Amino acid sequence: MKNVMTVLVCFVLTLSTGYADTINLGVAGAHSGDLASYGLPSVKAAELVVEMINARGGVLGKKVVIWAEDDSCKPEMATNTATRLVSKGVHVVMGHICSGATKAALGIYKDMKIVTMSPSATNPDLTQSGDYPNFYRTIASDDAQARLEVDFALNTLKVKKIAVIHDKGDYGKGLAEYARRFIQDSGKANVVLYEGITPGAVDYSAVIRKIKRSKAQAVIFGGYHPEASKLISGMRKKRMDTIFISDDGVKDDTFIKVAKKYAEGVYATGPKDVSKHPMTQKATKDHQKKYGKDPGAFFLNAYSATLALLNAIEKSGTTKYEPIRKALETEYVETPLGQIRFDRQGDAVGVGFSMYQVQNGQYVEVK
Amino acid sequence: MIIESVSEDILYFIELLLGGLTRGSIYALIALGYTMVYGIIELINFAHGEIYMLGAFTALIISGIMTMNGYAGMSVFFTAMLVAVIYSSAYGYTLEKIAYQPLRNAPRLSPLISAIGMSIFLQNYVMLAQTSDFMPFPSLLPDFKCLAWIDYMIGGPELVILMTTVIVMICLTILIKYTRIGKAMRATAQDKKMAMLVGIDINRMISATFVIGSALAAIAGVLIASHIGQINFYIGFIAGIKAFTAAVLGGIGSIPGAVLGGLVLGLTESFATGYVSSDYEDVFAFALLVLILIVRPSGLVGKTTLQKV
């Protein structure tokens with residue numbers, strides 16, 4: 001019996017230490033369960049990138065090996081996932097997928113000094129709290145749209161009085177709250193009105209009159225297009241030329257179709273269009289060739305994260321923690337999301353949202 | 001300076017008042033159909049909102065076809081309205097024959113469930129047959145030139161809705177109080193068996209009620225959709241709930257009550273938004289409903305009817 005145990009322990013040990021002469025890339029996220037559709041595309045992205053890089057001779061002359069571990073997007077499982085990856089000797093981790101699970105796992109990686117990069121965790125605190133210097137991400141955080149809207153209103157349009165309206169929903173209200181905080185923190189403008197409207201109501205004339213009375217120069221609206229088009233047509237019919245700024249819930253062609261001439265001049269933030277980027281086209285084509293279908297959610301973010309991590313190892317010439325961090329923050333890397341590097345907090349510079357405006361019945365990017 | 005700010009406050013009040021009246025007359029227009037059906041057969045026709053939505057969709061299709069063929073202006077409005085009224089009335093008639101008539105002698109809950117079932121069925125039917133997306137609805141009513149000087153307070157379509165509500169209310173009251181068919185309807189409402197004994201075809205009376213109720217829903221659908229400018233398969237549900245609230249508030253079964261209830265609800269919402277916050281718009285509206293029902297359980301103008309034992 002004792003012999004069996006020894007053999008077993010040795011076996012487990014050889015399995016778990018990984019290979020010393022390879023670069024070990026951990027890939028963690030939901031690979032099973034309800035949210036597997038968010039996690040599995042990141043595994044495929046990692047496989048495609050690693051295949052491509054290994055064919056070129058690997059990183060630092062070593063082959064890259066993927067260690068994929070499942071956390072089902074559950075924080076309580078994510079700590080185990082992280083421990084398993086650490087025991088396998090991963091050098092860097094691409095993951096996790098959900099914000100809650102990522103936060104749970106990050107402490108372990110931080111203690112072990114392992115750089116972690118998520119393709120999809122959007123919770124603002126993960127980077128902004130400063131608690132996790134080992135954390136990076138290739139997706140814009142939840143407050144990025146609000147940040148862009150407020151910066152645009154304050155610095156480009158130079159408005160002083162802003163009304164913030166939302167639809168009481170998780171998405172719209174969350175965004176509106178960030179927008180209000182950013183405006184107040186900037187000290188450059190006043191929030192003259194902050195209100196929630198009921199989605200689906202027959203009209204918003206009372207709120208529109210309130211906006212008029214508040215003398216707001218611009219409205220920042222958090223919500224979706226049906227409410228936005230009712231608001232904007234009501235405002236324009238009341239001959240108000242208040243600037244209207246909204247989010248990617250409004251950057252939808254249905255909005256223009258419904259609001260028609262009243263949609264003209266409306267600003268809305270939306271994800272940067274990367275579909276024409278040659279690397280995006282190549283990554284998508286490779287995915288179709290290998291797996292026979294179009295890539296899933298966060299595929300490009302995961303593809304870019306893998307590229308960025310491996311590039312940082314190559315550039316720093318080592319798998320040590322500090323040099324990799326430094327490389328991530330200083331070296332630009334070409335990815336499907338564009339040329340990116342990371343700021344000190346860990347957010348990707350140049351990834352995220354652009355401002356669009358309705359011009360002649362079409363959304364046009366505002367440079 | 002003081003005078004200026006006072007007049008601004010008064011203007012704000014007037015604007016809220018007009019906004020509330022418009023919103024209230026929208027509720028009232030739909031509530032009229034509810035309350036009429038309830039008055040005759042004591043059935044809460046939950047599919048009423050869906051008839052309203054069907055009317056709007058019919059008008060959208062007709063106006064689309066006519067605009068493509070080069071028609072414009074009021075002719076499109078009237079044709080679309082007429083077709084929508086006929087089409088919706090046919091739906092109302094069929095609805096009653098299929099879903100309510102077989103259940104006339106069943107316990108009172110059965111037709112209610114049947115009504116909810118029809119409501120869900122019609123919503124999904126339109127979603128599958130048409131689209132689940134929001135559709136732009138053309139503004140069939142022109143912005144009248146002579147109203148340009150007050151259009152920042154109240155627009156043409158809003159005035160038309162207000163006036164239509166009042167006209168419909170008056171016509172319905174006359175119809176029920178002073179015509180032969182109205183008398184027969186009231187007899188049916190009071191006692192079906194007795195009405196039959198004196199030679200009233202109660203099935204015809206009930207069908208007529210549904211046809212009139214559905215026609216009203218279609219008129220409301222076309223007017224309101226052209227005011228709001230967008231429709232989808234779900235608009236009937238939300239409008240229906242508010243209109244139902246208005247009907248109960250005014251006293252369900254009473255025609256002036258539906259209008260009064262609608263206006264009170266609309267004004268409450270408008271002032272709650274204007275002077276407190278739109279976050280609490282529904283809180284105020286429903287708190288008012290509860291208060292009124294505590295003080296007057298049969299609604300603002302509803303009559304307390306004695307239970308017939």
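Keep in mind that what you see is a predicted model, and the values were worked out from it rather than measured.

A.B. asks: Help me out: how do you make sense of the overall build of chain B in this one?
C.D. replies: Counting its secondary structure elements, chain B contains eleven helices and two strands. Starting at the N terminus, the α and β elements of chain B follow one another as α-α-α-α-β-α-α-α-α-β-α-α-α. Against the compact-globule benchmark of 19 Å for 309 residues, chain B has a radius of gyration of 20 Å, which places it among compact chains. Taken along its principal axes, the extent of the C-alpha atoms in chain B is 70 × 55 × 35 Å. The buried share among the 309 residues of chain B stands at 48%. If you take every contact in chain B between residues at least 6 apart in sequence, the share linking residues at least 24 apart comes to 77%.

A.B. asks: Please explain the packing of helix α9 (residues 235-250) of chain B against helix α10 (residues 255-276) of chain B as it appears in this structure.
C.D. replies: Between two packed helices, the angle of one axis relative to the other and the distance separating the axes together describe the packing. All names here are of chain B. Interhelical geometry of α9 versus α10 gives an angle of 115° and a closest axis separation of 7 Å. Once α9 is placed against α10, the crossing between them reads as right-handed. Contacts between α9 and α10 pair K242, T245, A246, A247, L249 and G250 from the former with G257, A258, L260, G261, G262, V264 and L265 from the latter. Split into classes, the residues belonging to the contact of α9 with α10 amount to seven nonpolar, five polar and one charged.

A.B. asks: It is not clear to me how the confidence of the model for chain A should be interpreted in this structure. Could you clarify?
C.D. replies: One rule of thumb: low pLDDT means the predicted coordinates there are not for detailed reading. Scored by pLDDT, chain A has a mean of 89; 95% of the residues are at 70 or more. Low pLDDT (under 50) marks residues 9-18 of chain A, which in the prediction has six contacts with non-local residues, meaning those over four places away or in another chain.

A.B. asks: What is the right way to look at the sheet that holds strand β9 (residues 243-246) of chain A in this model?
C.D. replies: Adjacent strands of a sheet pair through backbone hydrogen bonds, lying either parallel or antiparallel. All names here are of chain A. In spatial order, the strands read β7-β6-β8-β9-β10-β14-β15; together these seven strands make up an open sheet with mixed pairing. Pairing within the sheet leaves two strands with one partner each, and these edge strands are β7 (190-196) and β15 (362-365). The mean inter-strand angle of the sheet, taken between neighbouring strand axes irrespective of direction, is 30°. Taken together, the five bridges between strand β10 (residues 267-271) and strand β14 (residues 353-359) define a ladder with antiparallel strand orientation. Note that in β14 the partner of A268 across the bridge is Y356. Packing of helix α7 (residues 170-186) onto the sheet brings it into contact with β6 (161-166), β7 and β8 (218-222), and relative to β6 it is tilted by some 160°.

A.B. asks: Please clarify how the domain arrangement of chain A should be interpreted in this entry.
C.D. replies: When the parts of a complex come together, some accessible area is lost, and that lost area is often taken as the interface size. You can read the domains of chain A as domain 1 (2-139 + 276-349) and domain 2 (144-265). With centres defined by C-alpha atoms, the gap from domain 1 of chain A to domain 2 of chain A works out at 38 Å.

A.B. asks: Just to check I follow, could you spell out helix α12 (residues 299-316) of chain A for this structure?
C.D. replies: Residues that lie three or four places apart on an α-helix share one face, since the helix turns once every 3.6 residues. With 18 residues, α12 of chain A should reach 26 Å at 1.5 Å per residue; the first-to-last C-alpha distance of 26 Å fits that figure. Where burial is concerned, most of α12 of chain A is hidden: 15 out of the 18 residues are buried.

A.B. asks: Honestly, the packing of helix α5 (residues 156-178) of chain B against helix α6 (residues 180-190) of chain B in this entry has me stumped. Any pointers?
C.D. replies: All names here are of chain B. The interhelical angle for the contact between α5 and α6, taken along N-to-C directions, is 75°, at an axis separation of 5 Å. Our classification of the angle between α5 and α6 gives roughly perpendicular. Contacts between α5 and α6 involve L175, I176, K177 and Y178 from the first element and G182, M185 and R186 from the second. Of the residues assigned to the contact of α5 with α6, the class counts are four nonpolar, one polar and two charged.

A.B. asks: In this structure, what is going on with the pairing of β14 of chain A? I would like to understand it.
C.D. replies: Two faces belong to every sheet, and in a regular strand the side chains alternate between them. Residue and element names in this part refer to chain A. Strand direction decides the pairing type here: β14 and β15, joined by four bridges, are antiparallel. Across the sheet, the residue bridging to V358 is Y363, located in β15. The antiparallel hairpin formed by β14 and β15 contains two residues in its connecting segment, where N360 sits at a positive phi of about 50°.

A.B. asks: Please clarify how the nonpolar core should be interpreted in this entry.
C.D. replies: One finds L32 and A56 of chain B to be the most contacted residues of the largest nonpolar core, which totals 135 residues. Residue contributions to this core peak at 16 residues, all from helix α1 (residues 2-41) of chain B. With 64 residues, the next largest nonpolar core counts V49, A68, L85 and I139 of chain A among its residues.

A.B. asks: Help me understand the pairing of strand β2 (residues 63-70) of chain A, please; the structure alone is not making it clear to me.
C.D. replies: The sheet contact formed by strand β1 (residues 22-29) of chain A and β2 of chain A spans eight bridges and is parallel. Looking at β2 of chain A, one finds that L25 of chain A is bridged to I66 of chain A.

A.B. asks: Would you explain the sheet that holds strand β3 (residues 92-94) of chain A in this entry?
C.D. replies: Residues and elements named next belong to chain A. Pairing is parallel in the open sheet, where five strands are placed in the order β2-β1-β3-β4-β5. One side of each edge strand has no neighbouring strand; the edge strands of this open sheet are β2 and β5 (135-137). Shown here is a sheet whose adjacent strand axes are inclined to one another by a mean of 25°, direction ignored. Inspection of the sheet shows strand β4 (residues 115-118) paired to β5 by three bridges, in the parallel sense. Across the sheet, the residue bridging to S118 is R137, located in β5. Packing of helix α2 (residues 36-55) onto the sheet brings it into contact with β1, β2 and β3, and relative to β2 it is tilted by some 170°.

Each value, and the rule that gives it
Residues numbered from 1 in each chain as written. Chains lettered and ligands numbered in written order. Predicted model: local features only at pLDDT ≥ 70, side-chain atom pairs only at ≥ 80, totals over all residues. Helix = DSSP H or I, 4+ residues; strand = E, 2+ residues; numbered from the N terminus. Rg over C-alpha atoms; globule rule 2.2 N^0.38 Å. Buried ≥ 20, exposed ≤ 12 C-beta atoms within 10 Å, placed from the backbone. Contact = placed C-beta atoms within 7 Å. Axes fitted to C-alpha atoms, helices over the stretch in contact; angles between N-to-C directions. Left-handed = near helix turned anticlockwise from the far one by under 90°. Nonpolar A, V, L, I, M, F, W, Y, C, P; charged D, E, K, R; others polar. pLDDT = per-residue confidence, 0-100. Pairing = 2+ DSSP bridges. Domains from an automatic or database assignment. Expected span 1.5 Å × (residues − 1). Parallel < 35°, antiparallel > 145°, perpendicular 65-115°, else oblique. Core = buried A, V, L, I, M, F, W, Y, C linked by C-beta atoms within 7 Å.

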